[in-house]
Amino acid sequence: MCVAPKRLNFRMSIPSDFRKDWGLFNKRCKVEGMTPADLLQDLIEEYLDEFREEMEKAAGELDEVAGPLRDAPPKKVTIRKPKKKSFLARKATISVSKQTEQEEEPEEMHIKDTPKFKFLTLVKDLDIGSGIPPEELLTLAGEEGIPNPRLQMNKMIRRGILYVHLGRIHVT
């Protein structure tokens, strides 16, 4: 069963400089005994048939010229990267300065000697439950010889060892 396409009803406005050609086109439709849409469709099909023939001809000419090049297998190209030496293959050079040989070995540092531990023991000694004002704590830590007391206090607050409540420092 063949279904004919629906025809759309719309009005077309013809430009004034093309009206003579449009009139000639309508006369040809009457001579051919066809509607303008059918004649237009036939003209388009004829044009496309001619166009297909030209395309096939051009493709044939291209095949004659470029065919051997197109049909040849592509050349395989390999890119060689320089090998990197592994970490273990590299030779390490160790240089010892003369000063370190002359200096005595430093004493082993105990955890109680670290600035963090000194600051924590100071806070524990001063905190009797009501907390310590931060400025007072920093000045006392400076007097004790703890380097960078503000840095030590901020680190301990970040890590949750100390906390601030109502403007005073407390130990957790």
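Asks: Just checking my understanding: could you explain the nonpolar core for this structure?
Replies: As a rule of thumb, soluble globular proteins bury nonpolar side chains together. Ranked by size, the top nonpolar core spans 13 residues in total, and within it Phe 119, Val 123, Leu 137, Met 153 and Leu 162 carry the most contacts. For this core, the secondary-structure elements that each account for two or more residues are helix H4 (115–126), helix H5 (134–144) and helix H6 (149–159). If one sorts the elements of this core by residue count, H4 sits on top with four residues. Once residues lying within four places of it in the same chain are set aside, the contact partners of Val 123 are Ile 132, Leu 137, Leu 162 and Val 171.

Asks: Whenever I open this one, the side chain of Gln 152 confuses me. Can you help?
Replies: Tracing the sequence through the fold places Gln 152 in helix H6. Once you skip the residues sitting within four places of it in the chain, Gln 152 turns out to touch Pro 115, Lys 116, Phe 119, Ile 146 and Pro 147.

Asks: Would you mind showing me how to read H5 here?
Replies: Along an α-helix, residues three or four apart share an orientation, since each turn contains 3.6 residues. Those residues of H5 lying buried are Pro 134, Leu 137, Leu 138 and Ala 141. The arc that holds the buried residues of H5, viewed along the axis, is 95°, so those residues lie on one side. Turned more than 90 degrees away from the buried face of H5, the exposed residues are Glu 135 and Glu 143. In this structure, the buried residues of H5 make contact with H4, H6 and strand E2 (168–171). In the stretch just after H5, Gly 145 is the one whose phi turns positive, near 90°.

The rules behind these values
Residues numbered from 1 in each chain as written. Predicted model: local features only at pLDDT ≥ 70, side-chain atom pairs only at ≥ 80, totals over all residues. Heavy atoms only, no water. Core = buried A, V, L, I, M, F, W, Y, C linked by side-chain atoms within 4.5 Å. Buried < 20%, exposed > 50% of the residue type's maximum accessible area, 1.4 Å probe, protein only. Helix = DSSP H or I, 4+ residues; strand = E, 2+ residues; numbered from the N terminus. Contact = heavy atoms within 4.5 Å. Arc of directions from axis to C-beta.

By themselves, these observations are geometric and do not establish any function.
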